[in-house]
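Examining the three-dimensional arrangement
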Amino acid sequence: EAGVAQSPRYKIIEKRQSVAFWCNPISGHATLYWYQQILGQGPKLLIQFQNNGVVDDSQLPKDRFSAERLKGVDSTLKIQPAKLEDSAVYLCASSPRGDEQYFGPGTRLTVT
Amino acid sequence: DQQVKQNSPSLSVQEGRISILNCDYTNSMFDYFLWYKKYPAEGPTFLISISSIKDKNEDGRFTVFLNKSAKHLSLHIVPSQPGDSAVYFCAASPYNNNDMRFGAGTRLTVKP
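Residues numbered from 1 in each chain as written. Chains lettered and ligands numbered in written order. Predicted model: local features only at pLDDT ≥ 70, side-chain atom pairs only at ≥ 80, totals over all residues. Heavy atoms only, no water.

**So, the overall build of chain A**
Along chain A, the regular secondary structure elements total 0 helices and 11 strands. In sequence order, the secondary structure elements of chain A are arranged as β-β-β-β-β-β-β-β-β-β-β. Computed over the C-alpha atoms, the radius of gyration of chain A is 13 Å, within 12% of the 13 Å expected from 2.2 N^0.38 for a compact globule of 112 residues. Referenced to the eigenvectors of the C-alpha coordinate spread, the extents of chain A come out at roughly 40 × 25 × 25 Å. In chain A, which comprises 112 residues, the proportion classed as buried is 48%. Here the contacts in chain A between residues at least 6 apart in sequence split such that 52% fall between residues at least 24 apart. Accessible area for chain A stands at about 5400 Å²; split by element, carbon and sulfur atoms hold 49% of it. (Helix = DSSP H or I, 4+ residues; strand = E, 2+ residues; numbered from the N terminus. Rg over C-alpha atoms; globule rule 2.2 N^0.38 Å. Buried < 20%, exposed > 50% of the residue type's maximum accessible area, 1.4 Å probe, protein only. Contact = heavy atoms within 4.5 Å. Areas by Shrake-Rupley, 256 points an atom, 1.4 Å probe, with all protein chains shown as cover.)

**Focus: the pairing of strand E11 (residues 107-111) of chain A**
Residue and element names in this part refer to chain A. Residue alternation in E11 divides its side chains into a buried set, Thr107, Leu109 and Val111, and an unburied set, Arg108 and Thr110. Across 3 bridges, strand E9 (residues 88-95) lies against E11 in antiparallel orientation. Across the sheet, valine 89 pairs through a bridge with arginine 108, a residue of E11. (Pairing = 2+ DSSP bridges.)

**Some words on the state of the cysteines**
Residue and element names in this part refer to chain A. Inspection of the entire model under this criterion finds 2 disulfides over all chains. What pairs with cysteine 23 in a disulfide is cysteine 92, and their sulfur atoms sit 1.9 Å apart. Given an S-S torsion of about -70°, the disulfide between cysteine 23 and cysteine 92 has left-handed geometry. Within this pair, whereas cysteine 23 is found in strand E3 (residues 19-24), its partner cysteine 92 is found in strand E9, the two being separated by 69 residues in sequence. (Disulfide = S-S within 2.5 Å.)

**Let's talk about the nonpolar core**
Grouped together as the largest cluster of nonpolar side chains are 23 residues, with contacts concentrated most on Phe33, Trp35, Leu73, Leu75, Ile77 and Tyr88 of chain B. Of all the secondary structure elements, the ones that give two or more residues to this core are strand E3 (19-25), strand E4 (30-38), strand E5 (45-51), strand E7 (62-67), strand E8 (72-77), strand E9 (86-94) and strand E11 (106-111) of chain B. Sequence-distant contacts of isoleucine 77 of chain B, that is, excluding residues within four places in its chain, are made with Arg17, Ile18, Ser19, Leu21, Arg61, Phe62, Asp84, Tyr88 and Leu108 of chain B. Core analysis: the second largest hydrophobic core is formed by 21 residues, Ile13, Ile26, Phe49 and Cys92 of chain A among them. (Core = buried A, V, L, I, M, F, W, Y, C linked by side-chain atoms within 4.5 Å.)

**A few points about the sheet that holds strand E8 (residues 75-79) of chain A**
Residues and elements named next belong to chain A. Taken in spatial order, the 4 strands make up an open sheet running E1-E3-E8-E7, and their pairing is antiparallel. The outermost strands of the open sheet, each flanked by one partner alone, are strand E1 (5-7) and strand E7 (65-69). Each strand axis lies, on average, 15° off the axis of its neighbour in the sheet, ignoring direction. By the bridge criterion, 3 bridges tie E1 to E3 in an arrangement that is antiparallel. In the strand pairing of E3, alanine 5 is matched with asparagine 24. (Axes fitted to C-alpha atoms, helices over the stretch in contact; angles between N-to-C directions.)

**What to know about the environment of tyrosine 10 of chain A**
All names here are of chain A. If you trace the backbone, tyrosine 10 turns up in strand E2 (residues 10-13). Overall, tyrosine 10 belongs to the exposed group, its relative accessible area being 54%. For the pair tyrosine 10 and serine 27, spaced 17 residues apart in the sequence, the C-alpha separation amounts to 24 Å. Contact partners of tyrosine 10, with chain neighbours within four places excluded, come to Thr107 and Arg108.

**Brief notes about the pairing of E8 of chain A**
Residues and elements named next belong to chain A. Counting buried residues in E8 gives 4 out of 5 residues, a clear majority hidden from the surface. Note that E3 and E8 share 5 bridges and pair antiparallel. Bridge pairing in E8 places valine 19 opposite isoleucine 79. Both E7 and E8 contribute to a ladder of 5 bridges, which runs antiparallel. Its bridge partner lying in E8, serine 66 is registered against lysine 78. Counted along the chain from E7 to the antiparallel partner E8, the turn is 5 residues long, and its residue lysine 71 has a positive phi close to 55°.

Written out as structure tokens, the structure is:
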């Protein structure tokens, strides 16, 4: 079974630029999550989808972050414009039943 | 707010001995607890979980203990192996499995 795929793996941008991350979850997993992991901290949930509907986005900075899940499968997370404090690893995870989560390798974003 | 805390950023043990990783939480609504293991440049992988109706769950060398009255859980690894060297994250979520919160992680080093 293929795991959660994410791209790109690394991205360096300047502040005020835009960036987008892509996630392809495990086939058949209804729930998809985006997390932000700042160095030295645990993952912080940004948004949770159930199929293509948003379940929880209470910790998503909506003035600059947006996310969508196309047809209940792939998902993109966008930051526009980026700030220095957005430097982090962005993890995507999927779950068949909303319990155990399977994580992708993450995208390491550096904002300069 | 840090609802899940792992107060030991690092732990070093000798191969063959027991590793004990601790986690405390503050939210009494948490009903489901998990441990994830993370190697460098990879996403976290699920290790073991426990629901609040139990106080112990065992899977091979890994055992998780839950003390609800103290809002404390621990992960025991016996015997520890060098391949167990990784960062371990404690996570917790309410009964509906949304809004999972992670601790900051404990880096375990198992010395041969």
